[in-house]
Amino acid sequence: MEKERIDKVLAHHGFGSRSDVKKMMRKDHLTVNGKIVRDPGFLIDIGSDVVFVDDEEIKLQRDLYIMMNKCRDVVCANKDGEHKTVFDLLDDSLRHKFLGGDLHCMGRLDIDTEGLLILSTDGQLTHRLLAPKTHVPKTYAVGLRDSLDESQKADYVEKFKKEFWIDREQNESGFDCQPSELEFLEDGKSLDGKTDSAFMQNSSGKVDCLLTIYEGKFHQVKRMFAQVGNEVVYLKRVKMGSLCLDSSLPLGGYRELTEDEVEILKN
């Protein structure tokens, strides 16, 4: 049973400061399980108590989970002096501290990479998903500079199935890339058989293949293809663990995860 002070809960749900909440409660605007509550120190159960402010039921939650279809030219940072951030895309109603903590990115995508980004207040889950030892799979839609014939595609698939060396980049050391899964797509087709434009909402050309990796090194996907002599010209994350990007989300759009989707992330 998860108990919290009612003034703290409402302050974290966008009802102003605790002083603002106390003033509201003194005017009998608040009920818990059908009874008027005036004591700001009253303890409520986040999971089971029903709270109304006037005639509106308040959805109580400790943590927030958001799926975003990240667009290009925004960065995964709270603040950036040069570029717009993913947090700038959020509605003002989400710009406050939550009971579970601050909203943060569960992993990052480069400024020129699109696709599935999870924003959450759940630090425990973030740590578990990003810890190297958990090997959570991440799938990317990839567009390549150079076209490949069937023989070259087969060579890439076999190469990526095995561990191979990735050269250093900038200040990042080289590393042995762990085995991954590479699948080339039929011309004009994407993950679920729809056209690239319908599913991928591709902003810059074709999608050639899907790559699933089990680690998250600096610029890893780009460096993997560079190591075999090609260049990534389009990159979009479409899946993390067993959670797929909602294909109805426009680029830059977002929504809260459903309870089932949160469970998918946690299991």
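Reading guide: rules and limits
- Numbers given for residues are sequential positions, taken from 1 along each chain in its written order.
- Thresholds applied to this predicted model are a pLDDT of at least 70 for local features of residues and 80 or more for the giving and counting of side-chain atom pairs; totals over whole chains, interfaces and linings are not thresholded and use all residues.
- Hydrogens and water are ignored here; the side-chain numbers use all heavy atoms of the structure.
- Here a cavity is any set of points on a 1 Å grid over the protein atoms alone where a 1.4 Å probe fits but cannot get out, and a pocket is any open set with protein on both sides within 12 Å along at least 5 of 7 lines; a residue lines the site when it has an atom within 4 Å of a point.
- Grid points are joined across faces, edges and corners, and a volume is the space filled by probe spheres set on the points.
- Secondary structure elements follow DSSP: runs of H or I no shorter than four residues count as helices, runs of E no shorter than two count as strands, and numbering proceeds from the N terminus.
- Three categories are distinguished: nonpolar for Ala, Val, Leu, Ile, Met, Phe, Trp, Tyr, Cys and Pro, charged for Asp, Glu, Lys and Arg, and polar for the others, with Gly belonging to the last.
- Throughout, exposure labels follow a simple rule: accessible area from a 1.4 Å probe, protein chains only, divided by the maximum for the residue type, with under 20% read as buried, over 50% as exposed, and the rest as partly exposed.
- Two strands are counted as paired when DSSP detects at least two bridges linking them.

A. Representation of the layout of surface pockets. Size it by volume and the largest pocket reaches roughly 690 Å³. R108, K138, E215, G216 and K217 are, among the 31 residues lining the largest pocket, the residues nearest its centre. Going through the elements one at a time, α3 (123–130), β12 (138–144), α6 (220–227) and β17 (232–240) are the ones with two or more residues in the lining of the largest pocket. Split by residue class, the lining of the largest pocket holds 16 nonpolar, eight polar and seven charged. Of the pockets and cavities examined, the second largest pocket occupies roughly 390 Å³. Residue contributions to the lining of the second largest pocket peak at four residues, all from helix α7 (residues 259–266). Classifying every residue of the lining of the second largest pocket by side-chain character gives six nonpolar, three polar and eight charged.

B. The arrangement of the pairing of strand β7 (residues 65–70) in detail. Counting buried residues in β7 gives six out of six residues, a clear majority hidden from the surface. Burial along β7 is two-sided: Y65, M67 and N69 and I66, M68 and K70, pointing in opposite directions, are all buried. Judged from the six bridges that link them, β7 and strand β11 (residues 114–120) form a sheet pairing that is antiparallel. By the bridge assignment, M68 is partnered in β11 with L117. Where β7 lies against strand β19 (residues 254–256), three bridges are found, and the strand directions are antiparallel. Within β19, the residue paired with M68 across the bridge is Y254.

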